[in-house]
Amino acid sequence: MLDRNDSFREFVAAHQQSLMRTAYLLTGDAHLAEDLLQSVLLKLLGRWPKLSHIDSPEAYARKALLNQHISWRRRRASTELLSTAPPERSYSSENSTVVRLAVRQALMRLSPRQRAVIVLRFYEDRTERETAELLNCSIGTVKSHTHHALARLRGLAPDLAPKFAELNDI
């Protein structure tokens, strides 16, 4: 029979990579993502005897990631210095690495709630209903956050506006 720690180790081994990806998309920084995931996993370990019997401990972990990230963002004063002038570009915007970096930079300028909606809807490929359940809000709120976030992304990264316009049709 598995003890509590073995069961938790199996859960982490099975879901760590996808949870880390979500944490990275939320924070935009590998080190912060690791800290976020570690913080959430520590909390889950303490609650594991009860959580191991629920239908979807992974969904619970994702919701805990979102809540912890939003909580962190509320508590800490931002040390980022945002520039009004984008860096000069001497490369093609069609380069996938450049596009990923531009999207990442734009995502980091959204509010934590808007970023969470975009990450869940378009990176995690969640439905509006699933996103609403994970964020503990209404489907209308998800739609509103999605609309406003995509509009903000179009303003922050105008060269990527056609890609964001495609997302509105989904």
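Relevant structure appears above.
Not measured: the values here are computed from a predicted model. (Residues numbered from 1 in each chain as written. Predicted model: local features only at pLDDT ≥ 70, side-chain atom pairs only at ≥ 80, totals over all residues. Heavy atoms only, no water.)

**Digging into helix α2 (residues 30–51)**
Phase 1 of the analysis: Look at α2: only 27 Å from first C-alpha to last across 22 residues, short of the 32 Å you get at 1.5 Å a residue.
Phase 2 of the analysis: Remark: the principal bend of α2, roughly 50°, maps to L45, with a proline, P49, within the next four residues.
Phase 3 of the analysis: Regarding α2, the residues found buried are A33, L36, L37, S39, V40, L41, L44, W48 and L51.
Phase 4 of the analysis: The distance from a side-chain oxygen at the start of α2 to the backbone nitrogen of H31 is 2.9 Å, and the residue carrying that oxygen is D29. (Helix = DSSP H or I, 4+ residues; strand = E, 2+ residues; numbered from the N terminus. Expected span 1.5 Å × (residues − 1). Bend = angle between axes of the 7 residues up to and from the residue. Buried < 20%, exposed > 50% of the residue type's maximum accessible area, 1.4 Å probe, protein only. Polar contact = N/O pair within 3.5 Å; in protein donor to acceptor, adjacent residues only side chain to side chain.)

**A look at the nonpolar core**
Phase 1 of the analysis: Residues F8, F11, L19, L41, L44 and L65 are the most contacted members of the largest nonpolar core, which totals 15 residues.
Phase 2 of the analysis: Sorting the residues of this core by element identifies α1 (4–27), α2 and α3 (57–75) as the ones contributing at least two each.
Phase 3 of the analysis: Sequence-distant contacts of L65, that is, excluding residues within four places in its chain, are made with L19, T22, A23, L26, L36, L37 and V40.
Phase 4 of the analysis: Counting 13 residues, the second largest nonpolar core, distinct from the first, contains M108, I118, L153 and A157. (Core = buried A, V, L, I, M, F, W, Y, C linked by side-chain atoms within 4.5 Å. Contact = heavy atoms within 4.5 Å.)

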